[in-house]
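A closer look at the structure
Chain by chain, the residues run as shown.
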Amino acid sequence: MAEHIPKPEELAQIDYRPPKKDWRDPGVEFRKGFFCYSAAPKNLEYLGLPNPRKWQPYDEDWKLPPNWQQIILEGMRERLQKYRSFRLFMDICVRCGACADKCHFYIGSGDPKNMPVLRAELIRSVYRRYFTTAGRLFPWLAGARDLTVDVLKEWFYYFYQCTECRRCSVFCPYGIDTAEVTMIGRELLTLVGCNINWVLEPVANCFRTGNHLGIQPHGFKDSIDFAVDELAETTGIRVEAPINRKGAEVLFIVPSADYFGTPHYFSLLGYLMLFHEIGLDYTLSAFASEGGNFGLFTSHEMIKRLNAKVYAEAKRLKVKWIIGAECGHMWRVLHQYMDTMNGPADFLEVPVSPITGTRFENARSTKMIHICEFTADLIHQGKLRLDPSRNDHWTVTFHDSCNPSRAMGLLEEPRHILKTVCNHFREMPESTIREQTFCCGSGSGLGTDENFEMRMRGGFPRANAVRYVRDRFGVNLLACICAIDKATLPPLLEYWVPGVEVAGVHELLGNALIMRGQKERATDLRGEALKREEAQAHA
Ligand code: SF4
Ligand code: SF4
């Protein structure tokens, strides 16, 4: 845990002067508040990962295997052959600097090694030394470095200060995706047992019980039953939330935070209300009880292992297609990897909305659509009765979560929903939204307390844009569609922009949804009283 967390005014004094030492010097200081603790050996053992042991990043001796250099270089060679993009990203950077000031960690810390170009250079310099002729013959001239223990420590420090958000790739004229370089960097570190617990504990839980939190099937059912009871109190309607029902048309996958954390839980209530109101024939799965996939932050192999349950459950339950809930990295995995890693899902059908008849051709190969695509279509076709005045206590802005926006282009659908269910909506400045959105600063498994200062620094550009709309338009709610955002944005805003809360898009949809047979709504989904005149209007 960080011993001293500076006050926001103190932390905003960022020193952008470059350090005096040469960039090739790998020395890093593991200061509390800036790094994450190592993974517990039991989690490595459970997952069959190499070199389980007790160690911490600030230890002098990381207890690496004796042949650790050979393992890493062999791992690099293998990946250079396997992933053409990796080799390309190692070769084609011209150091133009277009990405240099685009990373939220650089903006928030002033540390030049958090510039995407330099972050990738940490591994590129080793690539040059061992895999290029110029680097072998003239290492100094070629910008090549030996792979030393200090270089490995530096990789660990900076590859766990990258949230794999891909903002930098939007600005690179060559399309270099530093997030993918980070992914390979973390994969190589994993080969010698250097990983963080905030990633590997959820991965181990997920492998054991199907979800990050380690909740067993009966716990999952209890949580869903609790939500059904609560909705009955709020709306007077007892919805059905079927689990493991064979032969349903649709399998619905949620991130586990939706049934275990707030404000996520209020979006779960919104989904259940929506599905009841339109009479959707669907089922949840107690085994595919997690859409999120921390494998994305570990290795490609781990992505595949954790994601397999989605199609396996779709097959077992004999559904026709799949809807996924509000989650960030679930959508990166789904959109970029699922079809080739776990597919083809020939046993499923192309999703067709049973209410509107819309055929989602974009999901032709994956057979899985995002809940916002589904709901935006319902609204667009006039199939929902909505009362946006129930959200009048909120002036809302929208944070494009990195993965749904940059990895799948989901930009308009959430906005269409929000602008229909809320009367007061304001955008943040253009350079901070849509494809250019700023990360929450805590994605890719970095949302832990021990690196709190770095999180606050990384989240500074996002918070700054929220501050702008709060001060200018009175925005008091930041809506988003990512489970990690819903967990990490509240402390970020409390630190930088007090007075702004966080909600999922389907929480606001649930507030506005007029259900047939509902009792007079006195409260919103948070249990907060609606204003008297609103309550009368809804009677
Ligand atoms: S923008 Fe692309 S080419 Fe330019 S320095 Fe960054 S990664 Fe290299
Ligand atoms: S992927 Fe995101 S966090 Fe990583 S270097 Fe690029 S902008 Fe920074």
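Preceding block: the structure.
These remarks concern the structure in this document.

Criteria and thresholds
Residues numbered from 1 in each chain as written. Chains lettered and ligands numbered in written order. Predicted model: local features only at pLDDT ≥ 70, side-chain atom pairs only at ≥ 80, totals over all residues. Heavy atoms only, no water. Helix = DSSP H or I, 4+ residues; strand = E, 2+ residues; numbered from the N terminus. Buried < 20%, exposed > 50% of the residue type's maximum accessible area, 1.4 Å probe, protein only. Contact = heavy atoms within 4.5 Å. Near = heavy atom within 4 Å. Nonpolar A, V, L, I, M, F, W, Y, C, P; charged D, E, K, R; others polar. Patch = residues over 30% accessible without salt bridge, like charges linked within 9 Å, V, L, I, M, F, W, Y side chains within 5 Å. Areas by Shrake-Rupley, 256 points an atom, 1.4 Å probe, with all protein chains shown as cover. Salt bridge = Lys/Arg side-chain N within 4 Å of Asp/Glu carboxyl O. Lys, Arg positive; Asp, Glu negative; His and termini not counted. Charge placed at Lys NZ, Arg CZ, Asp CG, Glu CD. Axes fitted to C-alpha atoms, helices over the stretch in contact; angles between N-to-C directions. Parallel < 35°, antiparallel > 145°, perpendicular 65-115°, else oblique. Left-handed = near helix turned anticlockwise from the far one by under 90°. Polar contact = N/O pair within 3.5 Å; in protein donor to acceptor, adjacent residues only side chain to side chain.

**Considering unusual backbone geometry**
Backbone geometry follows two general trends: most residues other than glycine have a negative phi, and most peptide bonds adopt the trans configuration. Each neighbour pair has its own omega, and for Thr-262 with Pro-263 the value is 10 degrees, a cis peptide bond. A cis amide bond, omega 0 degrees, links Gly-343 with the succeeding residue Pro-344. Structurally, Pro-344 can be placed in the loop between α16 (329-342) and β4 (368-370). The backbone of Arg-166 shows a phi angle near 75 degrees, a positive value even though the residue is not glycine. Here Asn-244, not a glycine, exhibits a phi torsion of approximately 55 degrees, which is positive.

**Notes on the environment of Pro-116**
The residue Pro-116 is located in helix α6 (residues 116-131) in this model. Classification of Pro-116 as buried rests on a relative accessible area of 3%. Through-space distance from the C-alpha of Pro-116 to that of Ser-38 is 24 Å; in sequence the pair is 78 residues apart. Not counting residues up to four positions away in its chain, the partners in contact with Pro-116 are Cys-99, Ala-100, Cys-103, Cys-168 and Thr-178.

**Quick look at the site of ligand 2**
In the vicinity of ligand 2, the residues found are Cys-103, His-104, Pro-116, Arg-119, Cys-162, Thr-163, Glu-164, Cys-165, Arg-166, Cys-168, Thr-178 and Ala-179. Secondary-structure elements contributing two or more residues to the shell around ligand 2 are α6 and α11 (178-191). Taken together, the residues of the shell around ligand 2 break down into 6 nonpolar, 3 polar and 3 charged.

**Some details on the site of ligand 1**
Inspection of the region around ligand 1 gives Cys-93, Val-94, Arg-95, Cys-96, Gly-97, Ala-98, Cys-99, Val-117, Cys-172, Pro-173, Tyr-174 and Ile-176 as its neighbouring residues. For the shell around ligand 1, a count of residues per class yields 10 nonpolar, 1 polar and 1 charged.

**Thoughts on a negative patch on the surface**
Where like charges cluster on the molecular surface, the negative patch consists of Asp-25, Glu-60, Asp-61 and Asp-150. By secondary structure assignment, the location of Asp-25 is in the loop between α1 (8-11) and α2 (41-47).

**Focus: the packing of helix α4 (residues 84-91) against α11**
Orientation of α4 relative to α11, taken along the N-to-C sense of each, is 110 degrees, at an axis distance of 10 Å. The angle between α4 and α11 places the two elements in the roughly perpendicular class. Regarding α4 and α11, the two cross each other, and that crossing is left-handed. Here Ser-85, Phe-86, Phe-89 and Met-90 of α4 lie close against α11, whose contacting residues are Glu-180, Val-181 and Ile-184. For the contact of α4 with α11, the per-class residue count stands at 5 nonpolar, 1 polar and 1 charged.

**Quick notes on the side chain of Asn-403**
Mapped onto the fold, Asn-403 is located in helix α18 (residues 402-407). Polar side-chain contacts of Asn-403 include one of 3.2 Å to the side chain of Arg-332. Each residue touching Asn-403, except ones within four places of it in the same chain, is listed here: Gly-328, His-329, Arg-332 and Met-408.

**Concerning the side chain of Asp-111**
Relative to the helices and strands, Asp-111 resides in the loop between α5 (104-109) and α6. With no salt bridge to any partner, buried Asp-111 finds its closest opposite charge in Lys-113, at an N-O distance of 7.0 Å. Among the polar contacts listed, one links the side chain of Asp-111 to the side chain of Tyr-158, at a separation of 2.7 Å. Each residue touching Asp-111, except ones within four places of it in the same chain, is listed here: Tyr-106 and Tyr-158.

**Some remarks on the pattern of salt bridges**
What the rule picks out here adds up to 31 salt bridges. Of the charged contacts in the structure, one is a salt bridge between Lys-102 and Asp-101, with a shortest N-O distance of 2.7 Å. Assessed through its relative accessible area of 17%, Lys-102 is described here as buried. Taking the shortest distance from any N to any O, the salt bridge between Glu-313 and Arg-316 comes out at 2.7 Å. Of this pair, Glu-313 and Arg-316 both sit in helix α15 (residues 300-316), 3 residues apart, which is roughly one turn of the helix. By relative accessible area, which is 7% here, Glu-313 ends up buried. Here the salt bridges share partners, and the residues they tie into one network are Asp-400, Glu-412, Arg-415, Glu-427 and Arg-434.

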